[in-house]
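# Structural description and commentary
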Amino acid sequence: MASSPAGKDVGSTQNNSNQKTQQPLQHVAKRLEKFKTTIFTQMSSLAIKHGAINLGQGFPNFDGPEFVKEAAIQAIKDGKNQYARGYGVPDLSSAIAERFKKDTGLVVDPEKEITVTSGCTEAIAATMLGLINPGDEVILFAPFYDSYEATLSMAGAKIKCITLRPPDFSVPIDELKSAITQDTRAVLINTPHNPTGKMFTREELSTIASLCIENDVLVFTDEVYDKLAFEMDHISLASLPGMYERTVTLNSLGKTFSLTGWKIGWAIAPPHLTWGVRQAHSFLTFATSTPMQWAAAVALRAPESYYVELKRDYMAKKEILVEGLKAVGFKIFPSSGTYFVVVDHTPFGLENDVAFCEYLIKEVGVVAIPTSVFYLNPEDGKNLVRFTFCKDEGTLRAAVDRMKEKLKRK
């Protein structure tokens, strides 16, 4: 337990009658009071306690490719172990620019328009803190990755939410048109979308683009699952006409190369937006792991066959999980991308998503994530839970077998 300078345990209750009982949250900044331990940490802890199979948190239980790991080992042996340049090792910045040109056709300056960060989560934070002022209005699409709301809260933003609803989680265009106004500073989108697996269509992205141009609004687009697009081609919003100048594109290495623990991310933006991102990044982490950056450059120059094989492997995993969940009795919603599937748990009679996930862990031995944590209004997600299929096929089959055996419809 951490100690205060006076040697007293911080946050603990003291027996000495002269000392006051500490209130655990009384020293927490008000902007963060509502944010508790993340649901991923909670569910992973329960999984360990109950010996449950973890289909909750989105990290693979298999390792990344050998050629990338060998590149990291070589970089360490070659002495590339001191602080990197703050905004990224030049070779990695060049590799990111090369990959972005292949994917989008856009040519960017790796020196002026790319910032390497400690994972995409830091890229998100640096973008919010570097480009959003207190009181600025930012539009989110719910359900959303939990760090969006937290980092916007740190920036003092005013959040406006548009809810994507099952079965297809399509964008409610009329609601969007009403929501984006001259008061809107930015729109944050995630495609392919966590937790639903939705991919924003060209029509939806074009509508967002035209509204943002019309109202002079920035766009922050989280594209960490861009290589896990199964049902349609991924479209980067920055590639649409007139959008690059107002877009920050966020991405990372972890999902594509099954190396989530390396925490290598980046932000791509025109110089006038990059300046704000880099200012915040400088005082968040300053620099990112040097040898891992050198290895990431090698990874991003992988042949196209790597991405073809990656998609093929994940489609096989997805089929095992989706068909298994159908056989168990869940209502499945389509997942076009990511390695997540959202289902309706209500056929099993539990009152809400949290109660269902706790039952699933304790009584069945499988972990899922309750989606209510991804909404501003938790009621909107109370019928839905998220499973991940970024696990080896044996793990997926074992989880399905447990659910078939122990989970009964009411």
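Residues numbered from 1 in each chain as written. Predicted model: local features only at pLDDT ≥ 70, side-chain atom pairs only at ≥ 80, totals over all residues. Heavy atoms only, no water.

## Concerning the confidence of the model for the chain
Convention followed: Per-residue confidence from the predictor is reported as pLDDT, a score between 0 and 100. Throughout, a residue-residue contact means that at least one pair of heavy atoms, one from each residue, lies within 4.5 Å.
Here the chain shows a mean pLDDT of 93. Residues at 70 or above account for 94%. pLDDT under 50 marks residues 1-22. Its contacts with residues more than four places away, or in other chains, come to 15 contacts.

## Some words on the pairing of strand β5 (residues 184-190)
Rule in force here: Buried residues are those whose accessible area, probed at 1.4 Å on protein chains only, stays under 20% of the maximum for their type, while exposed residues exceed 50% and partly exposed ones sit between those limits. Secondary structure elements are taken from DSSP: a helix is a run of H or I of four residues or more, a strand is a run of E of two residues or more, and numbering for both begins at the N terminus. Think of it this way: DSSP has to see at least two bridges between two strands before they count as a pair. Handedness is read with the strands pointing away from the viewer; a crossover is right-handed when the path from the first strand over the helix to the second is clockwise.
Among the 7 residues that make up β5, 6 are buried, leaving the element largely enclosed by the rest of the structure. The sheet contact formed by β5 and strand β6 (residues 218-222) spans 5 bridges and is parallel. Each bridged residue has a counterpart across the sheet, and for valine 187 the counterpart in β6 is valine 219. In terms of handedness, the path from β5 via helix α7 (residues 202-215) over to β6 forms a crossover that is right-handed.

## Side note on the UniProt feature "domain: Aminotransferase class I/classII large" (unreviewed entry) in the chain
Defined as follows: UniProt positions are given in the numbering used here, feature names are shortened, and annotations may be inferred rather than shown by experiment.
Here, the residues flagged by UniProt with the feature "domain: Aminotransferase class I/classII large" (unreviewed entry) are residues 53-402. In residues 53-402, helix accounts for 42% and strand for 16%; the two terminal C-alpha atoms are 9 Å from one another.

## Side note on the packing of aromatic side chains
What counts here: A pair of aromatic rings is counted whenever rings of Phe, Tyr or Trp (Trp by its six-membered ring) have centres within 6.5 Å, and the orientation is called stacked for planes under 30 degrees apart, edge-to-face for over 60 and tilted otherwise.
Under the criterion given, the structure shown has 19 aromatic pairs. Taking 5.2 Å as the distance between ring centres and 75° as the angle between the ring planes, the aromatic pair formed by tyrosine 339 and phenylalanine 340 counts as edge-to-face. A residue is classified by how much of its surface remains accessible, and tyrosine 339, at 0% relative accessible area, is buried. In this structure an aromatic cluster arises from ring pairing among Phe62, Tyr225, Phe230, Tyr314, Tyr339, Phe340 and Phe389.

## Structural notes on the packing of helix α11 (residues 304-328) against helix α13 (residues 393-406)
Applied cut-off: Where helices are involved, their axes are fitted lines through C-alpha atoms of the stretch in contact, as for all axes, and angles between N-to-C directions lie from 0 to 180°. Oblique is the label for any angle not covered by the other classes, which are roughly parallel (under 35 degrees), roughly antiparallel (over 145) and roughly perpendicular (65 to 115). Amino acid classes used here: Ala, Val, Leu, Ile, Met, Phe, Trp, Tyr, Cys and Pro are nonpolar; Asp, Glu, Lys and Arg are charged; the rest, including Gly, are polar.
For the pair α11 and α13, the least separation of the axes is 9 Å and the interaxial angle reads 0°. If you check the angle between α11 and α13, you find them roughly parallel. Between α11, through Ala316, Lys317, Ile320, Leu321, Gly324, Leu325, Ala327 and Val328, and α13, the contact on the second element is made entirely by Glu393, Leu396, Arg397, Val400, Met403 and Lys404. A per-class count over the contact of α11 with α13 returns 9 nonpolar, 1 polar and 4 charged.

## Describing the sheet that holds β6
Taken together, 7 strands build an open sheet; the order of strands is β2-β8-β7-β6-β5-β3-β4 and the sheet is mixed. The open sheet has two free edges, formed respectively by β2 (114-117) and β4 (158-163), since each of these has just one partner strand. On average, each strand axis in the sheet is inclined to that of its neighbour by 20°, with strand direction left out of account. Its contacts with the sheet place helix α4 (residues 119-131) against β2, β5, β6, β7 (247-252) and β8 (265-268), and it is angled at close to 160° to β7. Docked against the sheet, helix α5 (residues 146-155) engages β3 (137-142), β4, β5 and β6, running at close to 165° with respect to β3.

## Here we look at the pattern of salt bridges
Worth spelling out the cut-off: By convention in these notes, a salt bridge is any Lys or Arg side-chain nitrogen within 4 Å of a carboxyl oxygen on Asp or Glu.
Enumeration according to the criterion identifies 18 salt bridges in this entry. As a salt-bridge pair, aspartate 136 and arginine 185 come within 3.8 Å of each other at their nearest N and O atoms. You can see aspartate 136 sitting in the loop between α4 and β3 and its partner arginine 185 sitting in strand β5, a full 49 residues away along the chain. What makes aspartate 136 buried here is its relative accessible area of 17%. As a salt-bridge pair, glutamate 204 and lysine 198 come within 2.8 Å of each other at their nearest N and O atoms. Taking relative accessible area as the criterion, lysine 198 reaches 6% and is therefore assigned buried. A single network of salt bridges, built from pairs that share partners, joins Arg99, Asp103, Lys227 and Glu304.

## A closer look at a nonpolar patch on the surface
As a reminder, the rule being used: Two joining distances apply to patches: 9 Å for like charges and 5 Å for nonpolar side chains (Val, Leu, Ile, Met, Phe, Trp, Tyr), and every residue must have over 30% relative accessible area and no salt bridge. Here the Shrake-Rupley method, with its probe set to 1.4 Å, supplies the accessible areas, and only the displayed protein chains count as covering residues.
Among the surface-exposed residues, Leu129, Met154 and Leu284 lie close enough to one another that they form a single nonpolar patch of about 230 Å² accessible area. Among the secondary structure elements, leucine 129 is positioned in helix α4. Its relative accessible area of 34% is what places leucine 129 among the partly exposed residues.

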